[in-house]
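Examining the three-dimensional arrangement
Each chain is listed here by its residues.
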Amino acid sequence: FHEARVAGLGDALGPRQLLRLVTVDAAAALGLDGLGQLTTGAWGDLAAISLDAPALAGADDPEGALVRSATASDVAFAWVAGRMVYKRGYWPGVDATRERAALERAAGNARAARG
């Protein structure tokens, strides 16, 4: 939603329209009709947003709070193709030590290639 807020779309559109714009309409624009929505039997990715942050807590309009105030740090859980890939700061099934080492190797290779 950050990009939509920066573009000023959050003011021009209501929360429900903005949610549709970044889900169903975005998928359709990419030629991925049928994606970006929660329907029975649909293949889907999902992010669960925690409402614990002060800007989101006690919101009487969760859609509005999500659109106006949610950030990446508010993501509590994420599922891709029905498989949990993120859980409150952890990436289940990811070996962080191995990934960090791979990143450091790639960065070293990039620096060496730059000369």
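Per-chain numbering applies: the sequence of each chain, read as written, is numbered from 1 onward. The predicted nature of this model means local features are confined to residues of pLDDT at least 70 and side-chain atom pairs, given and counted, to a pLDDT of 80 or more, with totals for whole chains, interfaces and linings taken over all residues. The side-chain quantities take in all heavy atoms of the structure and omit both hydrogens and water.

This brings us to the sheet that holds strand S1 (residues 46-49). In this analysis, strands are considered paired if DSSP registers two or more bridges between them. We count a stretch as a helix when DSSP gives it H or I for four or more residues in a row; a strand needs E for two or more, and each element gets its number in order from the N terminus. Read from one edge to the other, the open sheet built from 3 strands follows the order S1-S2-S3, with strand pairing classed as antiparallel. Of all the strands in the sheet, the pair left with one neighbour each is S1 and strand S3 (83-87). Mean inter-strand twist for the sheet, computed between neighbouring axes without regard to direction, equals 20 degrees. Direction of pairing for S1 relative to strand S2 (residues 75-80): antiparallel, over a ladder of 4 bridges. By the bridge assignment for S2, isoleucine 49 is matched with valine 75. Comment: axis = line fitted to C-alpha atoms, over the contacting stretch for helices; angle = value between 0 and 180 degrees taken between N-to-C directions.

For every residue, the predictor assigns a confidence score, pLDDT, that lies between 0 and 100. Per-residue confidence for the chain averages 85 on the pLDDT scale, and 91% of its residues sit at or above 70. Mean pLDDT across the elements of the chain ranges from a minimum in helix H2 (residues 9-12), with 62, to a maximum in helix H6 (residues 96-114), with 94.

Nonpolar side chains in soluble globular proteins tend to be buried together. We call a set of buried residues a nonpolar core when its members are Ala, Val, Leu, Ile, Met, Phe, Trp, Tyr or Cys and they connect through side-chain atoms within 4.5 Å of each other. Type-normalised accessible area, obtained with a 1.4 Å probe on protein chains alone, sets the label of each residue: buried when under 20%, exposed when over 50%, and partly exposed for intermediate values. Core analysis: the biggest nonpolar cluster contains 7 residues, these being Leu18, Leu19, Leu56, Ala65, Leu66, Val67 and Ala70. Among the elements that line this core, the one with the most residues is helix H5 (residues 62-69), at 3 residues. Excluding residues that lie within four positions of it along the chain, leucine 56 makes contacts with Ile49, Ser50, Leu51, Ala65, Leu66, Ser69, Ala70 and Asp74. Only heavy atoms matter for contacts: two residues are in contact if any of them lie within 4.5 Å across the pair.

For aspartate 74, the position within the fold is in the loop between H5 and S2. For aspartate 74, a relative accessible area of 9% translates into the label buried.

Our focus in this paragraph is the pattern of salt bridges. Definition used for salt bridges: Asp or Glu carboxyl oxygen within 4 Å of a side-chain nitrogen of Lys or Arg. Counted under the stated rule, the structure contains 3 salt bridges. Between aspartate 25 and arginine 20 there is a salt bridge, and its shortest N-O distance comes to 3.3 Å. Of the residues examined, aspartate 25 reaches a relative accessible area of 30% and is grouped as partly exposed.

On to a nonpolar patch on the surface, then. Taken together, the side chains of Leu30, Leu32 and Leu35 make up a nonpolar region of the molecular surface, amounting to roughly 280 Å² of accessible area. Relative to the helices and strands, leucine 30 resides in the loop between helix H4 (24-29) and S1. Residues enter patches when they are more than 30% accessible in relative terms and free of salt bridges; like-charged ones are connected within 9 Å and nonpolar ones (Val, Leu, Ile, Met, Phe, Trp, Tyr) within 5 Å. Shrake-Rupley sampling with a 1.4 Å probe provides the accessible areas, and residues are treated as covered by the protein chains on show and by no other component.

This part is about the packing of aromatic side chains. Each Phe, Tyr or Trp ring, with Trp reduced to its six-membered ring, pairs with another whose centre is within 6.5 Å; inter-plane angles below 30 degrees give stacked pairs, above 60 give edge-to-face pairs, and intermediate values give tilted ones. Inspection of the entire model under this criterion finds 2 aromatic pairs. Geometrically, the ring pair formed by phenylalanine 77 and tryptophan 79 is stacked, given 5.9 Å between the ring centres and 25 degrees between the ring planes. Taking the relative accessible area as the measure of exposure, tryptophan 79 reaches 25% and is therefore partly exposed.

Looking now at the side chain of serine 50. For serine 50, the location among the structural elements is in the loop between S1 and H5. For serine 50, a relative accessible area of 14% gives the class buried. In this structure the side chain of serine 50 is engaged in a polar contact, spanning 3.1 Å, whose partner is the backbone nitrogen of aspartate 52. Residue contacts for serine 50: discarding those within four places in its chain leaves Leu56, Asp74, Ala76 and Arg88. By the criterion applied in these results, polar contacts are pairs of N or O atoms within 3.5 Å in which, for protein atoms, one can donate a hydrogen and the other can accept it, and in which residues neighboring in sequence qualify only through two side-chain atoms.

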